[in-house]
Structure formats: structure tokens, C-alpha cells
Amino acid sequence: MPAHDLPLSAYLIVSATLFTIGVTGVLVRRNPLIIFMSIELMLNAVNLSFVAISSFLDSADGQMFVFLVLTVAAAEVVVGLAIIVSIFRTRRNIDVDEMNVLRG
Amino acid sequence: MTVIQLSFFVLAVASVASALGVILFKNAVNSALSLILTLIFLALFYLQLGAMFIAIVQILIYAGAIMVLFLFVVTMLASEADDTELHDRIPWQRWIAAILGLVLVGALSYLLFTGTTIDNGAKATGGNQLSQVVNSQGNIQAFGLALFYGFAFPFEVTSLLIIVAILGAMVLGRRA
Amino acid sequence: MINLSPLVLLMPLLGFIILGLVGRALPRPLILAVAWGGCGLAFLFATISFFSMLGTPVANRTSDLVLYTWVSSNDPQAPLLISFGQFLDPLSATMLMVVTGVGFLIHIYSAGYMEGDPGFWRFFSFMNLFIFAMVLLVSADNFLFLLVGWALVGLASFLLIGFWYTRRSAVAAAQKALVVNVIGDFGLMIAIFLLFKQFSVLNYFPNGSSGSGVFTAITSSMKGQPILTAIALCLFLACTAKSAQLPLYMWLPDAMEGPTPVSALIHAATMVTAGVYLVARAYPLFELAPTALLIVAVIGSVTALFAATIALCQLDIKRVLAYSTISQLGYMFMAEGAHNYSAGIFHLTTHAYFKALLFLGAGAVIHALDGEQDMRKMGGLSQRLRITYFTFLIATLAISGIPPFAGFWSKDEILSSLLTQATNGGGSIFYLLWIMGLLTAGLTAFYMFRLFFGIFNGDYRGNTSTSRTHEELLDEEEPSHSTGNHHTIHEAPPVMTVPLIILAVLSVIGGFVGSYGLFGLPNVHPFTSFLDPVFSTVHISEGSLGVQWLSTGVSILVALLGIFVAWRMYGRGFAYKENSNPIYQLVLHKYYVDEILNAIIVQPILWLGRAATRFLEGDTLDKGSQGVALALRGTSAGLRRLQTGYMRNYALAILVGVVLIIVYYAVRG
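Keep in mind the model is a prediction, meaning the values are calculated, not measured. (Residues numbered from 1 in each chain as written. Chains lettered and ligands numbered in written order. Predicted model: local features only at pLDDT ≥ 70, side-chain atom pairs only at ≥ 80, totals over all residues.)

Draft legend 1. Main features of the overall build of chain A. Helix and strand counts for chain A stand at three helices and zero strands. Listed N to C, the secondary structure of chain A is α-α-α in terms of helices and strands. Of all 104 residues assigned to chain A, the portion counted as buried reaches 55%. (Helix = DSSP H or I, 4+ residues; strand = E, 2+ residues; numbered from the N terminus. Buried ≥ 20, exposed ≤ 12 C-beta atoms within 10 Å, placed from the backbone.)

Shown next as C-alpha cells:
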């Protein structure tokens, strides 16, 4: 067991901070690629908390979850980028604010 | 202050800084590079926590493959799309987002600071102890045992997921 | 005794149902077969019952058949027993004979009169409905089913008055009849409520399902009590509506909008007599409520005189007959008011004969003249319509009270009993009533002969060419229904004249069952003896011979005087001159009663309706539903602003929710 000089909450607070930064990024930026990157940042923040808890609980389950999240993130990135590219092909413009056709 | 504590603080500050860089850079390429940096710092975190395999996998897959993909697309679209703030139609959004973000971080931190303690009953015991397995057989063996014994089904499902993603990408990628 | 009243009830009901459901598709002979069967078989069964009654001893001449128990509650707190049964006694047997007999003759007549009418099947189905309802009314053994029959005859009357429903005047007349009748129905219902509250039963006499009846529960100790007077007056209110007395008479003249056979059957011979029947049936009540009975007599005589004055000036032949009906009904109520119920019923039967005959004769005239009803356009028809002429003459003599025709016997009995009541201490008001009755008799003779001479004497004053344009036909009082050639005035076909002849014979001999006390045979009065067991608790003192001869003599004199004056004025034909004499105009316009009622009652109600529509409905629409719509629209417009289309805003919304939850947990501690 690795040495635990810091309490679990320390790692979790870092994770929370990274997560919040990711959320703010989603809300503030208009370039869909950067929004996507913020989402990746959120996923990674969650990964960090999974690993931290796995270490503190001395169980491999957390790392399993990280593994799966990693895989899913990869698949998601593939499809998401494909979508962005195809949108760009038709609209020549990737400002998400321009895509307000569903406006009520 | 032990080494671990010191490294923790350094890594924490660094990762937060690079994360901020992801969302603050105007240039998309710079954001992508910031993200790569954040991922590397997170891998170092994993190392510190004893998850060697995950750390390496993170660098290989995330930073090495996914971010490369990101950079491909960013540079492909970079010429057309300048994230210049031509005209932000909802300027109030950023302030509300900032405030909410601060609130969120504050609330979470408070909760986590006061609330999280490890319940010793939830710790794995005996043969399940990760550290036991790691010490006896090594890190990768420990990971593999856990994955293929307990998580075999999710593992297969993710392979299915990847196939679907590939198909989806191929369909979306076709020129209309 | 054979009580076949259920069959009498069933036959016209079947006729109505069959004709109502499939009559439209049946060929004309089959429609007639069903209709005539419905009424004729009813008449047959009524006759059988009647004759079997004649064959049973006097004491056994009542039969109460309980057919069906409708409501039976033994709860001691709320005991209620309502059953449907049919009651046969001399009174109801007489009524059944009149209703089905005269009804059958009129059914036969209608086959000719309604020929060619597109609603032929509908007419006969309604007629059978009416016969059914009237039979129900007179044969019911409790007040509740009397009410059912009462309301149903009102319905049948409504349907038949408005038979030609494309004519606005007919529809208006039907509505008026129904509205006025419902006021009477209201009175009957209140009376039933009061009866039930007082006696807890509604059937007339004890029968198989109930141990007591209304008429056995009324004891002489209750004489004069207010509750009885109230019940009697409410019943009489219903009678004034149904029998067209003051103050609810005004629907009957308008009811002449219906086809003439309808006027004959419903508004002369049968339905309007339901009120007379009710007073006779409920006589124990009236006997113990002398105030109410007096009111019956007074209203009867006032109405008789009032209607007779209006009939003097009318120009439409059916209107004259309508007012004369109201007048004669007043006579019947006068008789009942003088405690002589059987005299009232006797006049009911003779009146049925000659009034039906008068109406059917008028119908023959109208039929011959292609729909003309205005007396000014008639005349000189005595040669061309021989049968109608002679039968009409007989009927006119009968109604004027000339011996030996039927009307004399019955009218004389009534006047005699009025004078007898006056002289035997019934109250001096009966002198006044007697005089009013005499006056009415004189006026009756006058205006009936005015009518007779106007139709038949002198030269023909109508349009020489009887072929009209379509628009003129639409303007007529009744649509044309002669299928023969339009240019000759011809007698009606036998299917119409044979009933006329039969009714004429009845008008001649119908009075011979009256009282022979006048001729020194005081115990010979077949009709009264027949009805005696029904009115067993009423003792009418037979007046002295002198009183009877006085009344009879004076009434004959007055009638002859009336005929003489009419002959002097109109014997050579009806020469009409516009008379601007204000009294004449007042009477011609029926004392403006309809106009006054319109102004006082109808217009305010219409105004109220319009105001309610404008304010209540308009405001409810404006504020209520539109307000709801506006509120919804406003809310949705406000909510729509959340749908900005920007993905980032939606994400922000999600974040807000998340933050709220986390802050909640943080605060909760």
C-alpha cells in the first residue's frame, strides 16, 4: 500500500476543482473542440477520484472503472469528432452559438 | 513535509493551472497542448497513488492517441474557425458560469473536507487487498486478475462499444 | 265482469310503436290497417268491457287490476308503494267508450282528410299515441299514472298541433300549448305531493297491492280543511290548463293550427275533457273542499260566458268552434260545481258527439274549398255539400240546446241543477251562475247559427278560381290536401262522410239516456243511474218539477231567440262589413289577451334571456375562457424564452440544478 500522508479529501478536492474547471469550460467556450476538451477534462477529474478511492480502499475496483471510462472516452471522442467534422463540412462554421435552430 | 506531500501540492497546482489553460487559451491548439499537459500531471498523480498500470495506460491512450486525434481535427479546422470572440451573443453567460463554478468548487470542497472519511469496514481484506496482490505478483498481474475475474463482461461490452464507435465514425465520415 | 282495460291500453300503444318505427316504409293500406286496428281494437275491447259491466250487478261494477308493482319500500321511516293498475268503473268505462269510439270514427275520417300528406304515417302514429295516453289517463288507478297519462296527452297534443312543422305559426302554437299545459302539470304535481304527504298513498281505492286509498282515507271530518282546499285547487289548476278554462285557455284557439281531425279529437272530444274527468274522479276531495268547488263553478261559468262573447265575432270557422269548445267545457265545470258530476259527464259525452261532428264537418268544408277557413270566403255551399250541410245542421241544433237533440238533454240538466242548487239553499251565487249559463246558451245558439249560415247560406263569396299559385298556397291557413281536380267544389269522399253521418245519428239519439224527470218520470234517468255508484257519497236533491220546467223553458226560449236573431242577420248569407266600433274591435281581437300576455310575460322573459346571453355568457366567454387562453399564452411565451437554442444555456441550466443539490447537501451538513 502506498503511503497515505494526505487524507483522501485532498485528492478529492483536487478532482472537484478540475471537474469544475471542465464544467466552466463547457459553458464559456464557443469552439466545440474546446468544449469537447473540457468534457475530457471532466472525465479525467472523475478518473482521479476513482483511483484515489481505489488506493485508499485497497481495492482494484476503482482502477477497473478508470479503465472502462478510458475506453468509453476514446469511443466518444471518435464519434464526437466525426460529428464536428461533418457539421463543419456543411456549415463551414463551428461556433456552437450558430447552431440555434432549435430555438423556441 | 514529506516528499509525497510536497509532490502532491506541486502536482495539484500544476494540474489546476494547465486545466485553466485548457479553457482560457484562445487558440485551440494551445488548449489541446494544455490538456496534454494536464493529462500527464494526472498520470503522475496515479503513480503517486500506486496505480502504475493505469498511469502508463493514461499516457499511452489518452495523451498519446486521443489527444493526437484531437490535434488532427483542430489543425484541420483551425484555418476556418478562429475562436475569436466575434460576437458573443450571451455575454452574461460567462459571469454566471464563473460564479456558479466558484460556488460549486466551494460547496464540493466543503463537503469533501468535512465529510469524507474512509470507512474501515469498506476496505478490502485478506486476499482481496490490492496491495497484497501487487506485492506478491506485481502490478500488471494484479490489474489483469481483477479485470478478467470480476469485470470480464464489461470488458466484452466495451469491445462492442468500440466497434459501434468505429462504424459510427465511418458513417459520419463519408462525404454526403 | 271482464276488465279488458289492459288490452284497451295495449292496442294503441302497439299501433304507435309499429307506425313510429317502420311506418315510413309501409304502404298506405298497411298504415291504415295498423292505425285503425290500434284504435278500433281498443274500441272493441272497451265495448266488451262496457257490456260485461252492464251485465253485472250494480254493487260489483268496479274492478281494480294491479298489473305491476313499480316501487315497493317497506322501510317504516319512508314507506312507499307505487304500482300500476287499471281501474274500471262506470265512470272510466264511459270515458273509455267516448275516447276510443269517437277516436275510431276520427281515425277513419282522417284517412280521407290526410290523404296525400307526406307525413301520413307520422300522423297516425301520433294519433295512436294520443289514444294510448288518453286511455292511460282515464283508466289509471292511482294519481301518479294519471299524471303520466296527463303529461303524455300534452305531448301528443304538442306533436299533433305542430304536425306541419315547417310552418312557423304551427310550431309557435304547439309551443304555446305545451308551455301552458306544463303550468297545469305543475299544479297536478303539487297536488300529488300534497296528497302523498297527507295520505301516504296515491291510488284511488284499496287494491291488491295497497291497503288504503286516497278516497277511502278522506273522512268527512276533514271537511273544509285548508290542505284539502289546497289539493283541490292545485288539481283544478291542472284542469284549467288541460280543459282551457280561465286563466289558461289561450292555447286552445291557437291549437287550431293542427289538422282538423286533430282539432276534432283532441281539442274537442277527448283531451280537453280530461279536466272534467279529473274533477269527477276526485269528487270526494272536492266535496270536502266546498270553497274549491265553488271556485270550479264560478270559473266554469265565467269562462263559458267569456268565450261565448269572443266567438261572436270570429271569422275563422275553426276559431269559432274552438271558443265554443271552451264555452261548453265551462258548462261541464259548472255542473260539477253544482255537485252534479254525472250531468257534467253526460254533457261531456253529448258534447263529444256534436263537437266532433262540427269539427269534422268544418274539415269537410275546408277540404272541399282547398284549404279555405275564412268565413268571409264561404257561402252557398248548401247545395254542393249536401251531407256536410245536413250533418252540420244537426250538430248546430244539438249544440244550441234544441230538443230532441243530444245537447238539449245535457245542457238542460246542467242548468236545472244550477237553479236547483240556488233554490235549495246552495247559495244565491247559483242564481247568478244560472243566469250566466242562460246568457251563454243564447249566445251559443246565435254564434253557431251565424257560423252555419255563414258557411252554407247565400252566395258563394270565395275566389272563383280555386287553383292557386304555390306562394298563395303557402300563405294559406292549411296546406291543400285535395288530390282531385281543383276547379269544382265537391263533397268529401265516403271515408269522410260516413263518420259524419254516424256522429249525426249519435247527436240525435245521444241524449235519450238523459233524465226524464221533466216528463213526470223522475226515476228514469239511465245515464245518471249508471254513474250513481261512482258518486255514491253525493246526494243531489232533485229539484222540484216547477224549477225544472222553469229552467228548461227559459233555456229553450233563449236558444230560439238566439237562432232567430242569427237568422235575421245572416239568413241570406254572411255579408261582412268592417266595423270600427271599438267594442267590436275589442271582442274581435279576443280582448287582446294574447297581446297583453305577450307584453307582460313573454317579452320580459325574452329580454332577460338576451341580457343573460350578453352579460353572463359574454362575460364568461370574455373573462373566463379567453382569460384562461391568455394566461396560458402568456405563460408559454414566458417559458418559451428558456428555449434559446444555445446549447450552452441548456448546459448552464443543468449546472444550476447540480449546484443547488450540492449546496443543499453542504448546508444540511
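Picking up where we left off.
Draft legend 2. Expanded view of the overall build of chain C. Scanning chain C from N- to C-terminus turns up 25 helices and two strands. Residues counted as buried form 52% of the 669 residues belonging to chain C. Sequence-distant contacts, at least 24 apart, represent 79% of the contacts inside chain C between residues at least 6 apart. (Contact = placed C-beta atoms within 7 Å.)

Draft legend 3. How the structure looks around helix α2 (residues 32-57) of chain A. Residue and element names in this part refer to chain A. Over its 26 residues, α2 runs 38 Å from end to end, which matches the ideal 38 Å to within 8%, given 1.5 Å per residue. Among the 26 residues that make up α2, 22 are buried, leaving the element largely enclosed by the rest of the structure. At the exit of α2 stands Asp58, carrying a positive phi of roughly 60 degrees. (Expected span 1.5 Å × (residues − 1).)

Draft legend 4. Main features of the environment of Lys223 of chain C. Residues and elements named next belong to chain C. Tracing the backbone shows Lys223 in the loop between α7 (214-217) and α8 (226-242). The class for Lys223 is exposed, based on 12 C-beta atoms found within 10 Å. Between the C-alpha atoms of Lys223 and Phe286, which are 63 residues apart in sequence, the distance is 9.5 Å.

Draft legend 5. Just the interface of chain C and chain B, in detail. With eleven residues of chain C at the contact, the number on the chain B side is eleven residues. Taken together, the residues that form the side of chain C that touches chain B break down as nine nonpolar, one polar and one charged. (Nonpolar A, V, L, I, M, F, W, Y, C, P; charged D, E, K, R; others polar.)

Draft legend 6. Expanded view of the interface of chain B and chain A. Taken residue by residue, the interface counts 72 residues in chain B and 65 residues in chain A. Element by element, the count of residues in the side of chain B that touches chain A is highest for helix α4 (residues 92-115) of chain B, at eleven residues. For the side of chain B that touches chain A, the per-class residue count stands at 50 nonpolar, 17 polar and five charged.

Draft legend 7. Broad picture of the packing of helix α15 (residues 341-368) of chain C against helix α20 (residues 494-509) of chain C. Residues and elements named next belong to chain C. As a packed pair, α15 and α20 sit with axes 9 Å apart at the nearest point and diverge in direction by 150 degrees. By the angle class used here, α15 and α20 are roughly antiparallel. Crossing of α15 against α20: the hand is left-handed. Contacts between α15 and α20 pair Tyr353, Phe354, Ala356, Leu357, Leu360, Gly361 and Ala364 from the former with Met496, Pro499, Leu500, Leu503, Ala504, Leu506 and Ser507 from the latter. (Axes fitted to C-alpha atoms, helices over the stretch in contact; angles between N-to-C directions. Parallel < 35°, antiparallel > 145°, perpendicular 65-115°, else oblique. Left-handed = near helix turned anticlockwise from the far one by under 90°.)

Draft legend 8. Main features of unusual backbone geometry. Along the chain, Leu246 of chain C connects to Pro247 of chain C via a cis peptide bond; the corresponding omega equals -5 degrees. Structurally, Pro247 of chain C is set in the loop between α8 and α9 (251-254). In this structure, the amide linkage connecting Pro403 of chain C to the following residue, Pro404 of chain C, adopts the cis form with an omega of -5 degrees. Considering the arrangement of structural elements, one finds Pro404 of chain C in the loop between α16 (386-400) and α17 (406-423). Even without a glycine there, the phi angle at Asp58 of chain A is positive, about 60 degrees. Inspection of the secondary structure puts Asp58 of chain A in the loop between α2 and α3 (61-91). At Tyr592 of chain C, a residue that is not glycine, the phi angle is positive and equals roughly 55 degrees. Secondary-structure assignment places Tyr592 of chain C in the loop between α23 (582-588) and α24 (593-640).

Draft legend 9. Highlighting the pairing of strand β1 (residues 63-73) of chain C. Residue and element names in this part refer to chain C. Sheet analysis places β1 next to strand β2 (residues 80-88), joined by nine bridges and oriented antiparallel. By the bridge assignment, Ser63 is partnered in β2 with Leu88. Between β1 and β2, which pair antiparallel one after the other, the connecting turn spans six residues. (Pairing = 2+ DSSP bridges.)

Draft legend 10. Inspection of the nonpolar core at higher detail. Residues and elements named next belong to chain C. Core analysis: the biggest nonpolar cluster contains 211 residues, and Phe130, Val135, Leu235 and Ala356 have the highest contact counts within it. The dominant element in this core, judged by the number of residues it contributes, is α15, at 18 residues. If near-sequence neighbours (up to four positions away) are discounted, Phe130 is found in contact with Val153, Ala156, Leu160 and Ile266. (Core = buried A, V, L, I, M, F, W, Y, C linked by C-beta atoms within 7 Å.)

Draft legend 11. The arrangement of the environment of Gln245 of chain C in detail. Of note, Gln245 of chain C is situated in the loop between α8 and α9. For Gln245 of chain C, the residues in contact, after removing those within four places along its chain, are Cys239, Thr240, Ile299, Gly300, Thr303, Leu329, Gly330 and Phe333 of chain C.

Draft legend 12. Looking closely at the packing of helix α3 (residues 90-113) of chain C against helix α10 (residues 260-269) of chain C. Residues and elements named next belong to chain C. For the pair α3 and α10, the least separation of the axes is 9 Å and the interaxial angle reads 165 degrees. Judged by the inter-axis angle, α3 sits roughly antiparallel to α10. Every pair of crossing elements has a handedness; the one defined by α3 and α10 is right-handed. In contact with Val102, Gly103, Ile106, Tyr109, Ser110 and Tyr113 of α3, α10 contributes Thr260, Pro261, Ala264, Leu265 and Ala269. Tallied by class, the residues present in the contact of α3 with α10 amount to eight nonpolar, three polar and no charged.

Draft legend 13. Main features of helix α6 (residues 139-150) of chain B. Residue and element names in this part refer to chain B. With twelve residues, α6 ought to run about 16 Å at 1.5 Å a step, and its terminal C-alpha atoms sit 17 Å apart, in line with that. Every buried residue of α6 is listed here: Ala142, Phe143 and Ala146. The buried side chains of α6 occupy one side of the element, clustering within an arc of 95 degrees when seen end-on. Pointing more than 90 degrees away from the buried face of α6 are the exposed residues Ile140, Phe148 and Tyr149. (Arc of directions from axis to C-beta.)

Draft legend 14. Structural detail: the confidence of the model for chain C. Residues and elements named next belong to chain C. Per-residue pLDDT for chain C has a mean of 85; in total, 94% of the residues score no lower than 70. Note on residues 464-474: pLDDT under 50 across the span, and eight contacts to partners over four residues away in sequence or across chains. Of the regions scoring below 50 in pLDDT, residues 482-487 engages in ten contacts with residues more than four places distant in sequence or in other chains. Complex prediction metrics read pTM 0.67 and ipTM 0.90. (pLDDT = per-residue confidence, 0-100.)

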